[in-house]
Amino acid sequence: MTHAAQASNGKPSRGTEQPAGEPPEPTPRPPDGGWGWVVVFASFMIHVITDGVTYSYGVFHVEFVNYFETTEQAASWVASFLVGVTYCSGPISSHFVNKFGCRAVTVAGTLLASACLLASVWVRSLGMLYLTAGVGTGLGFGLVYLPAIVSVTVYFERYRSLATGIAVCGSGLGTVLFAPFISYLIHYYGGYRHSMMLLSSIVLNCVVLGVLFRPLSGPAPRAERLSLQDLGAGGAASQASLGSEGGPRRVSCGGGAINRSDAFPRGSVHGTRKRSESLGASSEDSLRLRLSLRSLPSAAAAGPGTGSGPGAARRAPRFSLLRDPLFVVFCLSNFCTSIGFNVPYVYLIPQASTLDIDKKTASTLLSIIGVANTLGRVLLGYVSDKPWVDRLIVYNCCLTVCGAATMLCPLCPDFATLAAYAAVYGFAAGAYVSLTSVCLVDLVGLDRMTNAFGLVLLAQGVASFLGPPIAGALKDASGLYDPGFYVAGGMIAVSGLMLFVIPPIQRRKRRRAEQLSGLQAGAS
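First, a word on what this report is: a plain description of the structure on this page. Keep in mind that what you see is a predicted model, and the values were worked out from it rather than measured.

Our next topic: the overall build of the protein chain. A tally of regular secondary structure across the protein chain gives 22 helices and 0 strands. Here the protein chain holds 524 residues, and 57% of them are scored as buried. Contacts in the protein chain between residues far apart in sequence, at least 24 positions, make up 84% of those at least 6 positions apart. On the protein chain, roughly 21100 Å² of surface is accessible, and the fraction owed to carbon and sulfur atoms is 65%.

Okay, helix α5 (residues 102-119) next. Taking 1.5 Å per residue as the helical rise, α5 with its 18 residues ought to reach 26 Å, and the 26 Å between its terminal C-alpha atoms agrees with that figure. Residues of α5 that are buried: C102, V105, T106, G109, T110, A113, S114, C116 and L117. Buried residues along α5 cover an arc of 160 degrees about the axis, so they all sit on one side.

Considering all chains together, one arrives at 0 disulfides under this definition. Cysteine C397 remains unbridged, with the sulfur of C398 as its closest cysteine sulfur at 7.1 Å.

Within the chain, E69 stands out as a residue other than glycine whose phi angle is a positive 50 degrees. Along the chain, the position of E69 falls in the loop between α2 (58-68) and α3 (72-88). The phi dihedral of D356 falls on the positive side, at around 60 degrees, and the residue is not glycine. Considering the arrangement of structural elements, one finds D356 in the loop between α16 (343-353) and α17 (359-384). Take D356: its relative accessible area is 75%, and that puts it in the exposed class.

Before going further, it helps to examine a nonpolar patch on the surface. A contiguous nonpolar surface patch, about 400 Å² in accessible area, is contributed by V371, L375, V378, L379 and F427. Take L375: its relative accessible area is 46%, and that puts it in the partly exposed class.

What follows covers the packing of helix α15 (residues 325-341) against α16. Running from amino to carboxyl end, α15 crosses α16 at an angle of 25 degrees, the nearest separation of the two axes being 7 Å. It follows from the interaxial angle that α15 and α16 lie roughly parallel. Judged by residue contacts, I339, G340 and F341 of α15 engage V343, P344 and Y345 from α16. Residue composition of the contact of α15 with α16, by class: 5 nonpolar, 1 polar and no charged.

If you walk through the whole model with that rule in mind, you get 6 cavities of 30 Å³ or more. Quantified by volume, the largest cavity comes out at close to 70 Å³. Forming the boundary of the largest cavity are 13 residues, of which T54, A79, V83, Y345 and V346 lie nearest the centre. Looking at the lining of the largest cavity, the elements that each hand over two or more residues are α3, α16 and α20 (449-478). Examining the composition of the lining of the largest cavity, we find that 3 residues originate from one element, α3, more than from any other.

What follows concerns helix α1 (residues 35-54). With 20 residues, α1 extends 28 Å from end C-alpha to end C-alpha; this agrees with the ideal 28 Å at 1.5 Å per step. Of all 20 residues that make up α1, 15 are buried, and the element is covered over most of its length.

How each quantity is defined
Residues numbered from 1 in each chain as written. Predicted model: local features only at pLDDT ≥ 70, side-chain atom pairs only at ≥ 80, totals over all residues. Heavy atoms only, no water. Helix = DSSP H or I, 4+ residues; strand = E, 2+ residues; numbered from the N terminus. Buried < 20%, exposed > 50% of the residue type's maximum accessible area, 1.4 Å probe, protein only. Contact = heavy atoms within 4.5 Å. Areas by Shrake-Rupley, 256 points an atom, 1.4 Å probe, with all protein chains shown as cover. Expected span 1.5 Å × (residues − 1). Arc of directions from axis to C-beta. Disulfide = S-S within 2.5 Å. Patch = residues over 30% accessible without salt bridge, like charges linked within 9 Å, V, L, I, M, F, W, Y side chains within 5 Å. Salt bridge = Lys/Arg side-chain N within 4 Å of Asp/Glu carboxyl O. Axes fitted to C-alpha atoms, helices over the stretch in contact; angles between N-to-C directions. Parallel < 35°, antiparallel > 145°, perpendicular 65-115°, else oblique. Nonpolar A, V, L, I, M, F, W, Y, C, P; charged D, E, K, R; others polar. 1 Å grid on protein atoms, 1.4 Å probe; cavity = no way out; pocket = protein on both sides within 12 Å on 5 of 7 lines; lining within 4 Å. Points joined across faces, edges and corners; volume = space filled by probe spheres on them.

This is the structure we're talking about:
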């Protein structure tokens, strides 16, 4: 879900055409402040609004079941379409950002999402609600989400991780605020229709926020670009800085761009290599860093004949990744996680209602998830950046705990225990949001990261369509929400447990590489 400045057919996008044989124009210098902090604020508020609405759809679920007199499974498709289309619309949003810029795409996506929410007020069938509140709103949010991240990425370099982290924290705050707010609106107006109308007007505020994404101006030295640590800013940051296609990239936001073919400054690469050397030859973290460093450019610019860097990524077939056992396991893990990930957001409030907890009180459970998730993103991301921490182990353990807690959710007898579950789930789920792309870099290397992340996002999008409807079908068949939580939790737990096979595979691959290196040294 990123923003190549050139289309897949190799033709330059509008405003980036260069005469044949001439290097591209220098890109604007990231100011690392100034108007950039206004952009961060705008992105933060966009996350508050869009993710706040998305992750609060569980409040509407009971209303959809009652109003349309339908099954749990059928009603759950509304949220599934919303989340799944938002994920899968990344390439579409990327294309429009390249062509029209961040500001225009944000405004257009906002108008589409707001119009679809407003149209949901007058629909008379569940099928039309799928199109308006699900597909249409999801596509609008997808168009808004990408430029909100891209704009922050373009405006910051030295403080890019901090700025992006601040921006994406709006997601947790949105969940905290919108869940009880929507519950109040439904109670006050006696139905979901007026609530949808007010949400439509609230979403419309993203037009003003999108206008704040003004393009950069002024050239920057070509050597100043992304650094390796920028990849640790979280899943959202990686989606903004890494493409779903291989090859050199230019990240455009109106008039600004980042050239992926010259993405790593020599100072950052040199500093990272020195860090690897200082860890010692036997250090696990050193070995992990060296594997990633194979894909980094050397101090001299890599020529077209080198076997690493963006050129190699462009030449490597995307689906060759499916022959890499490490990537296949990781991709399958993400698929399993995404099947269960959205189930608590949709069914935790209905589950609480079975314990005679009123809707207003039950809606605070989503707020607890939002607070804990925000803390988890920040703290787990901070801890995982420490050189003595194995990020993959943190990631695996959090997924396993998240799944185990979800499986135990049906055993909670009252609000207090449900609140404890919401806190554990929200905190542990923060690792899934913030560490997925970082762990993927460690596993496949930076030269294959763009293609790998695109396939992972595809797996997440497909799985997001399936999770809530599966839980809804189990509720219709059994009359209880418990089986849905068992399946969702089991899938998340399995997704974490299966990743523990990766370290042995890595050790085996490392031994083979060392043996091959020894044979080559002996032959020479």
